[in-house]
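Descriptive analysis of the structure
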Amino acid sequence: MDINNYINSGILELYVAGALSDEENKEVYDVMLKHPEVLNEVLQIEAAILKLTEATAPKDAILDFNPIANKISSQTDTDTKVVNMKAEKLRSSWLSVTGWAAAVILGAGLFWAIQQNSELQSKIKVAETDKEFLEQQIEIADTDLKEAKHLITILRDKDILAIPLGGQAVYPEAYAKVYWDKATNSMYLDAQGLPEPPEGKVYQVWSLTLNPLTPTSLGTLDDFMTDDNKIFAIENSNASEAFGITLEPAGGSESPTLEQLYTLGTVASVS
Amino acid sequence: MQLDLLIEQFKKKDEKAFEALYNMYAKNIHGVIFNIVRDHDIAEEIMQDVFIKAWHKADTYTAAKGRFFTWILNIARNAAIDKTRSKSFKNKKQNLDAQFFVDILEHGDNLNDKTDAIGVGKFVSKLAKKCIEVIELLYFKGYTQKEASESLDMPIGTIKTRNRNCINELRAIVLN
């Protein structure tokens with residue numbers, strides 16, 4: 001078992017909440033005994049919940065233990081008395097012996113029914129877990145499909161210019177592609193061919209006019225690392241003649257650092 | 001560990017151990033009950049019922065069933081929710097469904113001086129509504145994953161990961 005995955009799954013938070021089934025509770029307990037880091041995680045979660053729940057308590061309340069102490073002591077006394085009285089009556093009555101026998105038989109039957117029931121319950125729990133898993137899979141597949149469909153409609157649009165950006169001296173293997181819809185000023189940049197930017201650096205996209213060479217920033221790809229398909233929607237209302245991508249310090253730069261030009265492509269060559 | 005020892009003694013009906021456990025968790029349990037019933041007198045009355053019930057059920061608790069706090073939390077939530085369903089309660093109180101624990105935290109009067117009121121307050125102001133909802137249902141109302149999933153209309157897997165992220169945020173704020 002991968003303990004980090006287990007911790008990150010969120011099961012321990014539900015364990016502290018009391019939202020798991022008996023079997024799941026037992027499982028967490030067993031894992032906790034074997035792995036101190038899991039126990040430690042549970043203690044941390046519990047500590048946070050204790051802080052939070054404590055803060056919701058009204059501050060002027062009197063939380064005195066005495067009334068509770070009095071009640072549990074007096075109840076313990078009465079309990080014993082009642083038992084003694086019953087015991088005496090029992091001996092004298094044959095009728096009540098049969099009564100007890102019937103109760104025992106009934107009890108056994110009830111016990112059997114409860115057993116059956118709990119067996120069924122646990123089967124339902126297993127089926128539910130399977131269902132949860134499938135639900136998740138469907139949700140993921142659904143989202144992926146929607147994204148893919150959307151991208152296809154963009155690629156197929158006849159009014160869209162496709163401009164390949166080739167790798168430059170600093171990283172010749174790099175490539176990217178721009179899909180530009182002049183009519184709506186919108187543009188999609190496929191940046192899958194760019195390497196991961198180093199720590200503290202970010203890719204910046206530039207629109208260029210060539211005579212004279214004037215760069216206009218179209219923004220930085222801040223979420224490059226977290227974006228799965230590496231396709232970025234960018235607004236572009238410039239009369240761009242070329243597009244370039246440079247590597248800049250985080251936050252971007254006023255003008256492109258040309259030594260760090262990764263890819264470049266001109267619009268004229270295709271239109 | 002000392003807690004384990006106290007629980008062991010409590011299971012053997014040791015009143016001193018019970019009192020120590022009561023002092024350890026009384027505020028938390030009171031907070032959860034108050035959040036459900038929103039009435040000081042009723043909350044104090046349920047508090048007593050809950051701990052008396054815990055005393056009588058002491059021998060049924062085992063560590064394999066979950067944390068001791070979770071066990072008593074469960075008794076408390078059930079008792080408080082039962083109360084809100086009683087006729088006398090319904091006649092007296094408005095519908096409380098739309099209220100969240102954050103209402104209490106934001107309402108300064110109820111903040112406990114001894115708790116990290118500032119830390120918790122900071123947490124509330126930072127917390128997204130989605131975190132408040134999921135924490136309310138899972139911790140304060142005792143919903144199962146399935147019930148929470150139905151109530152918030154999202155897959156169970158999402159509930160689980162969202163809750164993990166929300167509790168991580170909570171930990172970052174209240175435990176540092």
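Once a new chain begins, its residue numbering starts again from 1 and follows that chain's sequence as written. Whichever chain is written first becomes A and whichever ligand is written first becomes 1, with later ones labelled in order. Residue-level local features of this predicted model are given only where pLDDT is at least 70; pairs of side-chain atoms are given and counted only at 80 or more, and the full residue set underlies all totals for whole chains, interfaces and linings. To obtain the side-chain values, all non-hydrogen atoms of the structure were used and water was disregarded.

Heads up, the condition is: UniProt positions are given in the numbering used here, feature names are shortened, and annotations may be inferred rather than shown by experiment.
In the nomenclature of an unreviewed UniProt entry, chain B is known as RNA polymerase sigma-70 factor (ECF subfamily) of Formosa algae. The annotation that UniProt attaches to chain B under Sequence similarities (unreviewed entry) is "Belongs to the sigma-70 factor family. ECF subfamily."

Chain A appears in an unreviewed UniProt entry as Anti-sigma-K factor RskA from Formosa algae.

**A word on the layout of surface pockets**
Quick note on the threshold: Definitions used throughout: a 1 Å grid over protein atoms alone; a cavity as a set of points that fits a 1.4 Å probe which cannot get out; a pocket as an open set with protein on both sides within 12 Å along at least five of seven lines; a lining residue as one with an atom within 4 Å of a point. Grid points are joined across faces, edges and corners, and a volume is the space filled by probe spheres set on the points. Working definition: helices are DSSP H or I runs of at least four residues, strands are E runs of at least two. Numbering for both runs from the N terminus. Charged means Asp, Glu, Lys or Arg here, nonpolar means Ala, Val, Leu, Ile, Met, Phe, Trp, Tyr, Cys or Pro, and polar covers whatever is left, Gly included.
There is about 980 Å³ of room inside the largest pocket. Sorting the residues of the lining of the largest pocket by element identifies α3 (22-34) and α6 (94-156) of chain A together with α4 (68-85) and α9 (145-152) of chain B as the ones contributing at least two each. Looking at which element gives the most residues to the lining of the largest pocket, the answer is α6(A), with seven residues. The residue makeup of the lining of the largest pocket, split by class, is six nonpolar, 13 polar and 13 charged.

**Describing the state of the cysteines**
All names here are of chain B. For clarity, the threshold we go by: Put simply, a disulfide is two cysteine sulfurs that come within 2.5 Å. Burial classification: accessible surface area is computed with a 1.4 Å probe over protein chains only, and a residue below 20% of its type maximum counts as buried, one above 50% as exposed, and the rest as partly exposed.
In the structure shown here, the tally under the stated rule is one disulfide over all chains. The disulfide partner of cysteine 131 is cysteine 166, and the S-S distance across this bridge is 2.0 Å. A torsion of -80 degrees about the S-S bond marks the disulfide between cysteine 131 and cysteine 166 as left-handed. Placement of cysteine 131 in helix α8 (residues 129-140) and of cysteine 166 in helix α10 (residues 156-174) is noted, with a sequence separation of 35 residues between them. In this structure, cysteine 131 and cysteine 166 share a single accessibility class: buried.

**Let's talk about unusual backbone geometry**
All names here are of chain A. Of note, the bond from asparagine 211 into proline 212 is cis; its omega dihedral lies within 30 degrees of zero at -5 degrees. Residue position: proline 212 is located in the loop between β4 (201-209) and β5 (214-220). The phi dihedral of asparagine 185 falls on the positive side, at around 60 degrees, and the residue is not glycine. Residue placement: asparagine 185 occurs in the loop between β2 (175-181) and β3 (186-190). By relative accessible area, asparagine 185 is classed as partly exposed at 30%.

**Notes on the UniProt feature "domain: RNA polymerase sigma-70 region" (unreviewed entry) in chain B**
Under the UniProt annotation, the feature "domain: RNA polymerase sigma-70 region" (unreviewed entry) is placed at residues 21-88 and 133-172 of chain B. The distance separating the terminal C-alpha atoms of residues 133-172 of chain B is 19 Å; by composition the span is 82% helix and 0% strand.

**Here we look at the interface of chain B and chain A**
Here is the rule: Whether two residues are in contact is decided by their heavy atoms: any pair within 4.5 Å suffices. Note on terms: buried area is the combined drop in 1.4 Å-probe accessible area of two parts once they are placed together, counting the loss on both. Should a side-chain nitrogen of Lys or Arg be within 4 Å of a carboxyl oxygen of Asp or Glu, the pair is scored as a salt bridge. Side-chain atoms alone can form a polar contact between residues adjacent in sequence; in general such a contact is a pair of N or O atoms within 3.5 Å, and within protein one must be able to donate a hydrogen while the other accepts it.
Counting residues at the interface gives 61 residues for chain B and 55 residues for chain A. For the chain B and chain A pair, buried surface summed over both sides reaches about 5,500 Å², with 64% attributable to carbon and sulfur atoms. In this assembly, chain B and chain A are joined by four salt bridges. Among the salt bridges present, the one from A:Glu41 reaches B:Arg171, with a minimum N-O distance of 2.6 Å. Inspection of the chain B/chain A interface yields 14 residue pairs in polar contact (both at pLDDT 80 or more). Counting only elements with at least two residues in the side of chain B that touches chain A, the list comes to α2 (15-37), α3 (40-56), α4, α6 (101-106), α7 (117-126), α8, α9 and α10 of chain B.

**Here's the deal with the packing of aromatic side chains**
This is how the line gets drawn: The rule is short: rings of Phe, Tyr and Trp, with Trp giving its six-membered ring, pair when the centres are within 6.5 Å, and they are stacked under 30 degrees, edge-to-face over 60, tilted in between. Remark: a charge is flagged as sitting over a ring if the NZ atom of Lys or the CZ atom of Arg is within 6 Å of the ring centre and within 35 degrees of the ring normal.
Applying the stated criterion across every chain, the model contains 19 aromatic pairs over all chains. Seen in terms of ring centroids, B:Phe10 and B:Phe18 are 5.3 Å apart; in terms of plane orientation they differ by 25 degrees. Their pairing is stacked. Comparing B:Phe10 with B:Phe18, the two get one shared label, buried. Summarising the aromatic geometry, the rings of B:Phe10 and B:Phe68 are spaced 5.5 Å apart at their centres and angled 80 degrees between planes, so their arrangement reads as edge-to-face. A residue pair is termed long-range when its members are at least 10 positions apart, and B:Phe10 in helix α1 (residues 2-11) and B:Phe68 in helix α4 qualify at 58 residues. One exposure class covers both B:Phe10 and B:Phe68, and it is buried. Note that A:Lys230 overlies the ring of A:Phe224, its terminal NZ or CZ placed 5.0 Å from the centroid.

**Description of the nonpolar core**
Operational definition: Within this scheme, the nonpolar core is defined by two criteria: the residues are buried Ala, Val, Leu, Ile, Met, Phe, Trp, Tyr or Cys, and they are joined through side-chain atoms within 4.5 Å.
Counting 84 residues, the largest nonpolar core has B:Ile29, B:Ile33 and B:Ile135 as its most contacted members. Counting residues per element, this core draws most heavily on α2(B), which supplies twelve residues. Apart from residues no more than four positions distant in its own chain, B:Ile29 is found in contact with B:Met47, B:Val50, B:Phe51, B:Phe69, B:Ile72, B:Leu73 and B:Ala76. Listed in part, the 23 residues of the second largest apolar core include A:Leu194, A:Val205, A:Leu247 and A:Val267.

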